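# Summary of the model geometry
Residue-level listing of the chains:
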Amino acid sequence: MMKLSQNMAGGADYHALNLKRKLRCTIVFAVLLFLCGAIIVYNINTGNVDIPLGKIARAIFLRQGDRHDMNIIWRIRLPRILMAAILGGALALSGFLLQTFFENPIAGPFILGISSGAKMCVAATMIYYVQYVGKMTSWSLITAAFFGSMITTGFVLVAAKRIHNMSALLVAGVMVGYICNAATDFILNFSDDSDIVNLRGWTQGSFASMSWENVYFAAVIIGLTVLAVFLMSKPIGAFQLGEAYAQSMGVNVKAFRVLLIVLSSILSATVTAFAGPISFVGIAVPFLIKSAMGTAQPLVVIPATFLGGSVFCMICDLVARMAFAPTELTLSTVTSMFGAPIVIFMLFRRHKGRR
């Protein structure tokens, strides 16, 4: 009788804990969705020309209003903020996949040099296309970025087989990033600034000069990739509990790891192709989301990480535009300013937890 009552008490505690976790996740999603909508409206409203909320609503939902305001909203601000949301979410999710792959919360596309490799290939391709072919297409940008990201990812994977110390592996990734950055600077020194418009600003990250073509293309590529990642929620959850457990659950670990790194490279390559390399988002956002939700369950963390990345990058883009207007800061400057302290705090917390 006593054992039965203990089991009932344990079941009640588990049910209460599960209910509390669901409530916590619901609150996090609600806050993220509210922030996402509020920041989109505020970004459209704020700039050199302030547009009232009534005019914004009429312009977006009714396609009516002053021609000057319509051009500002539809041709400049709306494409830019949507790209910040799409690419920010993709970059955060790419970091989550890399952290799952390497089983380390410090892993990210910028730290491991993946973004730098994509930047190098896109810069070289831009110069070649502009000088000898003409205007670059979105496909050529994505292809060049993916090729560059896979080169650096391949090096990191080879290094991972030889270097079993994760700290040393991360240092190797940082060194690869420095090499790719040096190669990019070398390429830029021999480029004609009149032919390569905004290339130097692009190498520091920027959501400026986005078009609806960019939005549609990025939305399709990233949307399909995010869907594929979401469908992998169960294998990711099994892999988080260890390779042996994943194999016992029927997961082909080798194929799963390859798919994981390819999907992460597609996401980070798409971001780099359109906005340049953006630092710390892929590390800071997954950490914040997991801490806020109190769980690492992929089924809820994957969409929350995407939303969190969107909110984080939209805020950073707003700060980059408005902090010292009319001078615009580079995006990586702002993401580093917000993201680096979070990473430092994460390192301190991990070290404290091991003591």
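Check the entry above for the structure.
Keep in mind that this is a model prediction, so the values were computed, not measured.

## Side note on the overall build of the protein chain
Of the regular secondary structure elements, the protein chain holds 14 helices and 0 strands. Secondary structure of the protein chain in N-to-C order comes out as α-α-α-α-α-α-α-α-α-α-α-α-α-α. Looking at the protein chain residue by residue over its 355 residues, the buried ones come to 47%. Intrachain contacts of the protein chain at a sequence separation of at least 6 include 77% that bridge at least 24 residues. Element-wise, carbon and sulfur atoms account for 67% of the exposed surface of the protein chain, whose accessible area totals about 18,200 Å².

## Points about the pattern of salt bridges
Under the defined criterion, the tally for this structure stands at 4 salt bridges. Across the salt bridge formed by Asp69 and Lys55, the nearest N and O atoms sit 3.7 Å from each other. Placement of Asp69 in helix H3 (residues 67-102) and of Lys55 in helix H2 (residues 53-62) is noted, with a sequence separation of 14 residues between them. Of the charged contacts, one joins Arg80 and Asp317 as a salt bridge, the two residues approaching to 2.8 Å between their closest N and O atoms. Taken as a pair, Arg80 in helix H3 and Asp317 in helix H13 (residues 298-322) lie far apart in primary sequence, 237 residues in all. Asp317 gets classed as buried once you look at its relative accessible area, which sits at 2%. Among the ionic contacts, a cluster of salt bridges with common partners joins Arg80, Asp317 and Glu328.

## A look at the packing of aromatic side chains
The description of an aromatic ring pair rests on the distance of the ring centres and on the angle between the ring planes. The full count for this structure, using the stated rule, is 6 aromatic pairs. Taking the centre distance of 4.9 Å and the plane angle of 75° together, the rings of Phe101 and Phe102 count as edge-to-face. Residue classification places Phe101 among the buried residues on the basis of a relative accessible area of 7%. Classification of Phe102 by relative accessible area gives buried; the value is 10%. Linked through ring pairs, Trp74, Trp212 and Tyr216 together constitute an aromatic cluster. If you follow Arg257 out to its NZ or CZ, it ends over the ring of Phe101, 4.4 Å from the centre.

## Regarding the environment of Ala59
Structurally, the position occupied by Ala59 is in helix H2. Sequence spacing of Ala59 and Asp69 is 10 residues, and the spatial spacing of their C-alpha atoms is 8.0 Å. Dropping the residues within four chain positions of it, Ala59 is found in contact with Gln64, Met70, Ile73 and Trp74.

## Some remarks on the nonpolar core
Core analysis: the biggest nonpolar cluster contains 95 residues, and Leu87, Phe207 and Phe274 have the highest contact counts within it. With 20 residues, the single largest contributor to this core is H3. With sequence-adjacent residues up to four places away left out, Phe207 is seen in contact with Arg80, Met83, Ala84, Leu87, Ala275, Ile278, Cys313, Asp317 and Leu331.

Cut-offs and rules
- Residues numbered from 1 in each chain as written.
- Predicted model: local features only at pLDDT ≥ 70, side-chain atom pairs only at ≥ 80, totals over all residues.
- Heavy atoms only, no water.
- Helix = DSSP H or I, 4+ residues; strand = E, 2+ residues; numbered from the N terminus.
- Buried < 20%, exposed > 50% of the residue type's maximum accessible area, 1.4 Å probe, protein only.
- Contact = heavy atoms within 4.5 Å.
- Areas by Shrake-Rupley, 256 points an atom, 1.4 Å probe, with all protein chains shown as cover.
- Salt bridge = Lys/Arg side-chain N within 4 Å of Asp/Glu carboxyl O.
- Phe/Tyr/Trp six-rings, centres within 6.5 Å; stacked < 30°, edge-to-face > 60°.
- Lys NZ or Arg CZ within 6 Å of the ring centre and 35° of its normal.
- Core = buried A, V, L, I, M, F, W, Y, C linked by side-chain atoms within 4.5 Å.

Take it as geometry only, folks, not as evidence of what the structure does.
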